[in-house]
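Per-entry structural report
Chain residues, written in single-letter form:
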Amino acid sequence: MHKNCLECGEKIVGREDKKFCSDGCRNAYNNKINKDSTNYMRNINNKLRKNYRILSELNVEGKSKTTKAKLLSKGFDFDYLTNILSTKTGNTYYFVYDQGYMLLDNDFYVLVKKDI
């Protein structure tokens, strides 16, 4: 029995469990499957990535302080985050993946990195 490539339909030669005729077809197939399905999703994912880059750049040591003005000047968008953590002491941290921030007084923020 012969199988055909899931991407291009060509006959597959080689191992019995192969699904693609080449690395190129495998990559093309997986890129199609994993791409953001809508512009809306793509835009949100881009904003999350940008926020993550900004927090990572400002928080190299794993804990630091910054200002709201500095975050905004780099293009940080406070509307996009991945989760919120409320501590037992009543503090609220906002996270973009493992990079987080908490509002302090006078528009200062503490930046933290969650140990994963």
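Remember, it's a predicted structure, so these values are computed and weren't measured experimentally. (Residues numbered from 1 in each chain as written. Predicted model: local features only at pLDDT ≥ 70, side-chain atom pairs only at ≥ 80, totals over all residues. Heavy atoms only, no water.)

Here's the deal with the pattern of salt bridges
Tallied over the entire structure, the rule returns five salt bridges. Between Glu7 and Lys32 there is a salt bridge, with the nearest N and O atoms lying 3.1 Å from each other. With Glu7 in the segment before helix H1 (23-34) and Lys32 in helix H1, the pair connects residues that are 25 residues apart, well separated along the chain. Judged by relative accessible area, Glu7 falls into the partly exposed class, the value being 26%. Lys74 is paired through a salt bridge with Glu57; the nearest N and O atoms lie 2.6 Å apart. Taken together, the positions of Lys74 in the loop between helix H3 (68-73) and strand S2 (83-86) and Glu57 in helix H2 (residues 39-58) put the pair 17 residues apart, joining distant regions of the chain. (Salt bridge = Lys/Arg side-chain N within 4 Å of Asp/Glu carboxyl O. Helix = DSSP H or I, 4+ residues; strand = E, 2+ residues; numbered from the N terminus. Buried < 20%, exposed > 50% of the residue type's maximum accessible area, 1.4 Å probe, protein only.)

Points about the packing of aromatic side chains
Any pair of aromatic rings gets described here by the distance separating the centres and the angle formed by the planes. Across all of its chains, the model carries nine aromatic pairs by this definition. Each ring, one from Phe76 and one from Phe78, has its centre 4.8 Å from the other, and the planes form 70°; the classification is edge-to-face. Look at Phe76 and you get buried, because its relative accessible area is 4%. For Phe78, a relative accessible area of 21% translates into the label partly exposed. For the pair Phe78 and Tyr101, a centre-to-centre distance of 5.6 Å together with 85° between the ring planes defines the contact as edge-to-face. One end of the pair, Phe78, is in the loop between H3 and S2; the other, Tyr101, is in strand S4 (residues 99-103), and 23 residues separate them in sequence. Ring pairs connect the aromatic residues Phe76, Phe78, Tyr94, Tyr101 and Tyr109, which therefore count as one cluster. If you follow Lys114 out to its NZ or CZ, it ends over the ring of Phe95, 4.3 Å from the centre. (Phe/Tyr/Trp six-rings, centres within 6.5 Å; stacked < 30°, edge-to-face > 60°. Lys NZ or Arg CZ within 6 Å of the ring centre and 35° of its normal.)

Considerations on the pairing of S4
Where burial is concerned, most of S4 is hidden: four out of the five residues are buried. In terms of strand pairing, strand S3 (residues 92-96) meets S4 through three bridges, oriented antiparallel. Residue Tyr94 lies in a different strand from S4, and its bridge partner there is Tyr101. Across five bridges, the pairing between S4 and strand S5 (residues 108-113) is antiparallel. Bridge pairing in S5 links Gln99 to Lys113. Between S4 and the antiparallel strand that follows it, S5, lie four residues; Asn106 among them carries a positive phi value of about 55°. (Pairing = 2+ DSSP bridges.)

Details of unusual backbone geometry
For Tyr97, which is not glycine, the phi torsion reads 60° and is therefore positive. Even without glycine at this site, Asn106 takes up a positive phi of about 55°. The exposure class of Asn106 is exposed, given its relative accessible area of 71%.

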